[in-house]
Amino acid sequence: MSKKIWVHAEVADGKIANVTYELLSKAYDLAGEMGDGTEVEATLVGSGLEEEAGHLARFGAKKIYLADDSKLKLYSPVIYAPILADLAAANSPEIYIFGATATGSALGPAVAARLKTGMAAHCVNLLLDERKQLKALVPSFGGKVIGEILCPSKLPQMASVKPGIFVKKDPVPMPKRVEKVDLGVYEKLFDAKGLEAVGVVRRPPEGLPLNEAQVVLCGGYGIGSQENWNTLEKLAHLLGGATASTRPAVDEGWTGEHNMVGTSGQSIRPKVYIGFGISGATHHICGMNESGVVISVNRDEESPIFQVSDFLVQGDVNVILPALLEAVKSEME
Amino acid sequence: MTYNIAVCVKPVPDPKHYDKVTIDPVRKTITRTGIPTLLNPVDKNALEAALQLREQYTGTVTAISMAPPDAGEILREALAIGADEAYLLSDRAFGGADTLATSYTLFHGLKKLEAAKGYSFDFVLCGCESADGATAQVSSQLGEWLGYPHLWNVFSLQEVDPKTFSIKTKLENGYMEWRAQAPLVLGVSRELNKPRFTSVMGIMKAKNKPLQVWGREDLPEAKDEFLGLKGSPTQPGEIFTPDMKRSGKVLAGTPEEIAGRIVTILRANGVVVGG
C-alpha cells in the first residue's frame, strides 16, 4: 500500500478555507519527494460539503474522507477530534497537516493527543530528512530561533502551518474520490452535554484581505496617532492595498487585531511591504520576512527593522507619510 | 455554586528580550543569559479569570506548573496575585517534555490533587500559548487527557445561569459562540480580561500560602512511557537563527523626493500607482 500524506481541510462558512489549498500544494510536493507512489489525501468534516470536496481533488487530494452531517456543521472538539483520530488510526498516514488557524490550532493537538503522536506547531516550513521523515521548521522566541522538530517513532507525524506560509498551486481538473465516514458510532457524541457550539459570527472584513494585497502598509507604535493611522488607511486604499499592524498599534487602539502581522497574527508575502514606525520585534518580522520588497520608515537608525529592509528611510512618520500620500494622489490626477 | 479551579502556569523568559536570545554555536543550545524569567503573560489572564469565578461564586484557585525547581518564584507570584495554593511538578524525569508529555504530567498532577482534596476540578484554565515556545497545544491536549471538553482562544466567558456559561472563542474575522458547563478546559486569550496587579498585601499573604513541590514518586499513577523526554513523540533537531538580513539601501532627500522614490519602487514591483 502506498504511503499517504494527509491534509485536514478547514471549512469556514461552508467553503474550504484557502489555507487548505496552500497545505495541499505543499503536501503534493512532499509526496513527490517521498516517492514510491505516495499520495495526498484529505479529511473533511462539516455539513453539505459534497460539492466542496471537488475542490480538494483539484488541488491534489487523491481521496477525500468526508464526514458529512447536519450536526457537524459547526466545529466542536468533542466530535471532530474523535472522528479524525479514528480515521488516522485506521488509515495510517505518514504525515498529517493542519492549518494553524483558530480552529486547527485547537483541533490538531487534540487529534495528536488521541493518537499519542507528536505535532509540530506553527511550522514555517516542512521538509523531509534523508530517511524521508518529516522535518518541521518551527519558530520559537518570537521567531528569533528556528528549530527542527522531528517525530521519529510515532505516526502520523503531525504539523500545523499558518495561512500564508505556503504558496497555493493552480488547480487542475481532476475527478473526486470521496469516502464517506460512517458516523453511526459517533451518534452518542452528537447529543453530548457539556459543550454546545451555538454559532459563528463574522465581522465583515475591513478592506482587502491582507493575504490578497499586493502592497501592505504596516503601522507600528511609531505611527503615533489615530490621525496618522487614518492617513495610512487612505494611502492603502489609493494603492489598492491593505493596512497591517503590530501588537503595539493594536494596544494603542488605532486598529483592531484582525490585520496584525507576526507570530500571534498573520503571515504575509505581498509584493511590497512598507513599514511605518515599526521597530522590528522578532515577533513581527517572523510574519513579514517573505515579502517581496521591504521598505521601512523609522526615526531611529538603530531599529532592527532596518536590518531586514531593502530600502530604509530614517525619518519622521509624521512627515514622510503625508508626503507619500500627496505623491500618490498627484500621480492619480 | 462552588467552583474548584486549576490554573496552569509556566515560567518564560521575558518576551521583551527575545532579540537577545542566541545560539551557542558549539553546544547547539539556546543561550538566554541575562533575560529575566516571568510568569507567562497570558497565564495572568487565566489566573484573573479563575479569581473572578471564585469571587462571583465560591471555590478554590490552585496554580500548577510543570517546570524546573526555580519555578517556585512564579508560583509564589501566582499566590501573591490571589491563588489559594500552588503546586510545582518538578523532576528530572519530567524534563525534555514536549506538549504531549507536558499535558500528561499536568493531567496526573491534577488527578493527584483531586484525590488529595476529595473534589474534582470544574475548570482548568491555561493561557492560550506560552511566549517562548508558543505551540499553543497544551490546553487542548490537557483537555484530551482529562476527557473534558476544551476550548482555545477564549476571549469572553459569561454566566447564562450559575451552571451554564456563554463562551466566545476567536476566529479569523470573527468569533464562535458556545454554551458550556463544567468540567471544562479553557485556553484563554489576553482579551478575556485585564489581570489585576499584585498588591503588597498579596505578597505578604503569599508567604504563608502552601507551595508544594511534587516529583516523579508523587505521581505513581503516571506511566514512564508518557513522561519527559521518553514520553515525547517530538524530538528537537538542529536549531538556527534565520538569516533575514536585507541590503538596506538608504532613501534620502527631502520628504517629497523620498516619497517620489517610494512611488518608483512601488511601480517597479508591480504595484499600480495612479493607473
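The structure this text deals with has already been given above.
Residues numbered from 1 in each chain as written. Chains lettered and ligands numbered in written order. Predicted model: local features only at pLDDT ≥ 70, side-chain atom pairs only at ≥ 80, totals over all residues. Heavy atoms only, no water.

Section: the packing of aromatic side chains
Residues and elements named next belong to chain A.
And step 1. Under the defined criterion, the tally for this structure stands at 21 aromatic pairs over all chains.
And step 2. Between the aromatic rings of Trp 6 and Tyr 96, the centroid separation amounts to 5.2 Å while the plane-to-plane angle is 85 degrees, which identifies the pairing as edge-to-face. Remark: Tyr 96 occurs in strand E6 (residues 95-99) and Trp 6 occurs in strand E1 (residues 4-9); sequence separation between them is 90 residues.
And step 3. Geometrically, the ring pair formed by Tyr 221 and Trp 254 is tilted, given 6.5 Å between the ring centres and 35 degrees between the ring planes. Here the residue Tyr 221 occupies a position in the loop between strand E14 (215-219) and helix H6 (226-238), and Trp 254 occupies one in the loop between helix H7 (247-251) and strand E16 (272-276), the gap between them amounting to 33 residues.
And step 4. Linked through ring pairs, Trp 6, Tyr 65, Tyr 96 and Phe 98 together constitute an aromatic cluster. (Phe/Tyr/Trp six-rings, centres within 6.5 Å; stacked < 30°, edge-to-face > 60°. Helix = DSSP H or I, 4+ residues; strand = E, 2+ residues; numbered from the N terminus.)

Notes on the packing of helix H3 (residues 77-91) of chain A against helix H4 (residues 104-115) of chain A
All names here are of chain A.
And step 1. Close contact between H3 and H4 brings their axes to 9 Å; oriented N to C, the two are set at 50 degrees. The angle between the axes of H3 and H4 places the two elements in the oblique class. The interaxial crossing formed by H3 with H4 has right-handed handedness. Seen from H3, the contacting residues are Tyr 80, Ala 81, Pro 82, Leu 84, Ala 85, Ala 88 and Ala 89; seen from H4, they are Leu 107, Ala 110, Val 111, Arg 114 and Leu 115. (Axes fitted to C-alpha atoms, helices over the stretch in contact; angles between N-to-C directions. Parallel < 35°, antiparallel > 145°, perpendicular 65-115°, else oblique. Left-handed = near helix turned anticlockwise from the far one by under 90°. Contact = heavy atoms within 4.5 Å.)

So, the interface of chain B and chain A
And step 1. Counting residues at the interface gives 74 residues for chain B, matched by 87 residues for chain A.
And step 2. Across the chain B to chain A interface the summed buried area is about 6900 Å²; carbon plus sulfur atoms make up 64%.
And step 3. Remark: the boundary between chain B and chain A carries 6 salt bridges.
And step 4. Two residues, Arg267(B) and Glu331(A), come together in a salt bridge whose shortest N-O distance is 2.8 Å.
And step 5. One can count 32 residue pairs in polar contact (both at pLDDT 80 or more) joining chain B with chain A. (Buried area = accessible area lost by both parts, 1.4 Å probe. Salt bridge = Lys/Arg side-chain N within 4 Å of Asp/Glu carboxyl O. Polar contact = N/O pair within 3.5 Å; in protein donor to acceptor, adjacent residues only side chain to side chain.)

Section: the sheet that holds E16(A)
And step 1. In spatial order, the strands read E15(A)-E14(A)-E16(A)-E17(A)-E18(A)-E15(B); together these 6 strands make up an open sheet with parallel pairing. At either margin of the open sheet sits one strand with a lone partner, and together these are strand E15 (242-245) of chain A together with strand E15 (249-250) of chain B.
And step 2. Bridging between strand E18 (residues 311-314) of chain A and E15(B) involves 2 bridges; their strand directions are parallel. Bridged to Leu312(A) within E15(B) is Val250(B).
And step 3. With respect to the sheet, H6(A) is in contact with E14, E15 and E16 of chain A, its orientation differing from that of E15(A) by roughly 140 degrees. (Pairing = 2+ DSSP bridges.)

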